[in-house]
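# Chains, contacts and geometry: an overview
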Amino acid sequence: NPSASSHFIKNIVVEDLKSGKVNQVVTRFPPEPNGYLHIGHAKSILLNFELADEFNGRTHLRFDDTNPVKEDVEFVESIKEDVRWLGFEWDGLYFASDYFEEMYRRAVLLIKKGKAYVDDQSAEEMRINRGTLTEPGQNSPYRDRSAEENLDLFERMRSGEFKDGERVLRAKIDMASPNINLRDPALYRISHATHHNTGDKWCIYPMYTYAHPLEDAIEGVTHSICTLEFEDQRPFYDWVIEECEMENKPKQYEFARLNITNTVMSKRFLRQIVEESIVDGWDDPRMPTISGLRRKGYTPESIRTFVRETGVARSYSVADEKMLEYFIREDLKLKAPRTMAVLRPLKVVITNYPEGQAEMLEAENNSENAEMGSRQIPFSREIYIEQDDFMENPPNKYFRLFPGNEVRLKNAYFIKCNDIVKDADGRVTEVHCTYDPETKSGSGFTGRKVKGTIHWVEASQALPAEFRLYEPLIMDDAKEEGDSFLDRINPNSLEVLHGYVEPNMKDAKPHDKLQLFRHGYFNVDPKHTAGDKRVYNRIVSLKSSFEL
Ligand code: ATP
Ligand code: MG
Ligand code: MG
């Protein structure tokens, strides 16, 4: 049972159901469509959807689209795709912008009650007059306008009479409140911008902190779950529900956001990385976005398990990226077929193997899962091995190929190195070996032992392939006081190699996942794989010191 473990928000839900305070749990996932979802959002998605699922409740997908400037339908579509891919289906799709008329009416109600006023101060004046943590704020000179005057001005704000920033509508609460968020927060601002949903219908837009509680109340959300930065906003959230006389009274609960080592997880930063072309898009496999993780080769299962394992708490914490890697290895261990690929090829000629001849050898598809069966792979006089599986002058304890040494070729024969061919620069271009037919894999040969086993692919039928190896894009290690995340960008986050895969990879489809022997788990890249071009993204290497 994925949601078996308890946490403080679940305990509250259980209590509320027991006491009859709520009949049905309604939660929502409320992204702003101003970027692609990242793995931090996955935490919010799991929390909201699984909480409702467990108690036969409902979860809304609501686009919190109250800021026209940065929002776009491209983001709306990508968010829907990512939520579904993670394995969740919403019980209703909503747009905050559909409530603009009702939000406006509620603002008019506040004005009539003397709870809101139009302020003509500049943004700078308002900032200064807001006071500080230790100093109370100063009342605006416009604070005591009559309701009639405010209604007139607010209507004229709506009708487009004023320029951006010339006026705002503010709540009238308390400029001396110890909670700065209650010092007459803004409710509406003027913005002559085209909105992705409402077009040019509006030129005033509600502020997020005013809009959000109304959205929750309009939809009948019972438990409004958000991250801890909003804790100080909770009194204002309740104020809006109360003073706007909303029938439904949702409650806000906060939890600590998901952070991961070597990762920035703010759309603002991710957007900057994309816009400055540091990566090749929101779905670059180095991005912590859902689409980036998907393209790298992460499965929904692995992300869900990771997110659950991080728990739901109110204290700050940073999850180790190695934990995420641990869960994808666990997920793919028994599922992904294992094949051989050579990432940095070096040709080996088997001089005693007849020219023009070839044979097929049997190879297991997954040594830990017999159900995956086996495949046939070709073997002949010429093969490729990894460059670093050969050394002309090896150090002690090097058990792979070197002049005079014998190694096992995985799934094939023992070969012994007799000779090397070098180019004009002295680099080894070919290794000449002999093989021993008696040592064939599976033949039960016990005549002698070798210490090294290396992988290979047959040269004439091997398929060229590109391999992309990734390192973290952002490095925590590089952090110095005052560094921005741009100073921490890893210049070596991508290494591109050109090598070969087995011929049975000829029909590999985007998103096929495999384990390349000794190299790790790879995903067939969906963006660059087409026709004869094969691109493999390394999801994760095989080994880790990480223990759960
Ligand atoms: P960002 O700062 O990355 O833009 P956001 O909170 O502004 O994040 P929204 O689109 O408003 O992005 O977020 C939708 C929901 O996802 C919110 O309820 C938010 O609290 C939650 N969320 C965002 N980041 C995280 C995170 N790192 N961990 C958990 N929940 C998160
Ligand atoms: Mg936001
Ligand atoms: Mg934010």
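On a predicted model such as this, the values are computed, not experimentally measured, just so you know. (Residues numbered from 1 in each chain as written. Chains lettered and ligands numbered in written order. Predicted model: local features only at pLDDT ≥ 70, side-chain atom pairs only at ≥ 80, totals over all residues.)

Counting its regular elements, the protein contains 12 helices and 25 strands. For 548 residues, the compact-globule estimate of 2.2 N^0.38 gives 24 Å, and the protein exceeds it by more than 25% at 31 Å. Along the first, second and third principal axes, the C-alpha set of the protein runs to 100 × 55 × 45 Å. For the protein, the residues scored as buried account for 38% of the 548 residues in total. (Helix = DSSP H or I, 4+ residues; strand = E, 2+ residues; numbered from the N terminus. Rg over C-alpha atoms; globule rule 2.2 N^0.38 Å. Buried ≥ 20, exposed ≤ 12 C-beta atoms within 10 Å, placed from the backbone.)

Our focus in this paragraph is the packing of helix H4 (residues 100–112) against helix H6 (residues 147–159). The interhelical angle for the contact between H4 and H6, taken along N-to-C directions, is 155°, at an axis separation of 9 Å. The angle between H4 and H6 places the two elements in the roughly antiparallel class. Within the contact between the two elements, H4 uses Ala107, Val108, Ile111 and Lys112 and H6 uses Ala147, Asn150, Leu151 and Phe154. Taken together, the residues of the contact of H4 with H6 sort by class into 6 nonpolar, 1 polar and 1 charged. (Axes fitted to C-alpha atoms, helices over the stretch in contact; angles between N-to-C directions. Parallel < 35°, antiparallel > 145°, perpendicular 65-115°, else oblique. Contact = placed C-beta atoms within 7 Å. Nonpolar A, V, L, I, M, F, W, Y, C, P; charged D, E, K, R; others polar.)

Since the α-helix advances by 3.6 residues per turn, residues separated by three or four positions end up pointing in the same direction. For helix H12 (residues 321–332), built from 12 residues, the straight-helix expectation of 16 Å at 1.5 Å per residue is met to within 8% by its first-to-last C-alpha distance of 17 Å. When H12 is considered as a whole, its buried residues turn out to be Leu324, Glu325, Tyr326, Phe327, Ile328, Arg329, Asp331 and Leu332. Elements that come into contact with the buried residues of H12 comprise helix H11 (300–310), strand S23 (513–516), strand S24 (520–524) and strand S25 (535–540). (Expected span 1.5 Å × (residues − 1).)

Let us look at the domain arrangement of the protein. Here the protein is described as being made up of domain 1 (8–255) and domain 2 (345–459). Put simply, the middle of domain 1 and the middle of domain 2, counted by C-alpha atoms, are 65 Å apart. (Domains from an automatic or database assignment.)

What follows covers H6. Counted at 1.5 Å a residue, the expected span for H6 with its 13 residues is 18 Å, and the 18 Å between its end C-alpha atoms agrees. Inspection of H6 places Asn150, Leu153, Phe154 and Met157 among the buried residues, and these make up the whole buried set. Buried residues of H6, viewed axially, fall in a sector of 100°; they line one side. Those residues of H6 that are exposed and angled more than 90 degrees off the buried face are Glu148 and Ser159. Where H6 ends, the next residue or the one after it, Gly160, has phi of about 95°, a positive value. (Arc of directions from axis to C-beta.)

This next bit is on the site of ligand 1. Lining the immediate surroundings of ligand 1 are 15 residues, of which Pro31, Gly40, Ser44, Arg257 and Lys267 lie closest. It is helix H2 (residues 39–54) that provides the largest number of residues to the shell around ligand 1, a total of 4 residues. Among the residues forming the shell around ligand 1, the class breakdown is 5 nonpolar, 5 polar and 5 charged. (Near = placed C-beta within 6 Å.)

Between H11 and H12, the shortest axis-to-axis distance is 9 Å and the interhelical angle comes to 135°. On the basis of the axis angle, H11 is oblique to H12. Here H11 and H12 pass one another in a crossing that is right-handed. For the pair H11 and H12, the contacting residues are Glu301, Ser302, Thr305, Phe306 and Glu309 in the first and Met323, Leu324, Phe327, Ile328 and Asp331 in the second. (Left-handed = near helix turned anticlockwise from the far one by under 90°.)

Below, the discussion takes up the pairing of S25. Counted residue by residue, S25 has 5 buried out of 6 residues, so it is predominantly covered. The pairing of S24 with S25 spans 4 bridges and is antiparallel. Residue pairing in the sheet places Asn523 in a bridge with Asn537 of S25. (Pairing = 2+ DSSP bridges.)

What follows is about the nonpolar core. Grouped together as the largest cluster of nonpolar side chains are 91 residues, with contacts concentrated most on Ala341, Tyr384, Ile385, Trp456 and Val457. The dominant element in this core, judged by the number of residues it contributes, is H2, at 8 residues. When residues are assigned to domains, this core turns out to be shared by domain 1 (8–255) and domain 2 (345–459), each giving three or more. For Ala341, the residues in contact, after removing those within four places along its chain, are Val457, Ala465, Gly499, Tyr500, Val501, Leu516 and His519. (Core = buried A, V, L, I, M, F, W, Y, C linked by C-beta atoms within 7 Å.)

Now for the sheet that holds strand S10 (residues 338–339). Strand order in the open sheet formed by 7 strands is S10-S23-S24-S25-S21-S22-S11, with mixed pairing between adjacent strands. The open sheet has two edge strands, S10 and strand S11 (341–342), and neither has a second partner. Sheet topology note: the strand S21 (residues 463–470)/S25 ladder contains 3 bridges and is parallel. Within S25, the position partnered with Glu466 by the bridge is Val535. With respect to the sheet, H12 is in contact with S23, S24 and S25, its orientation differing from that of S25 by roughly 115°.

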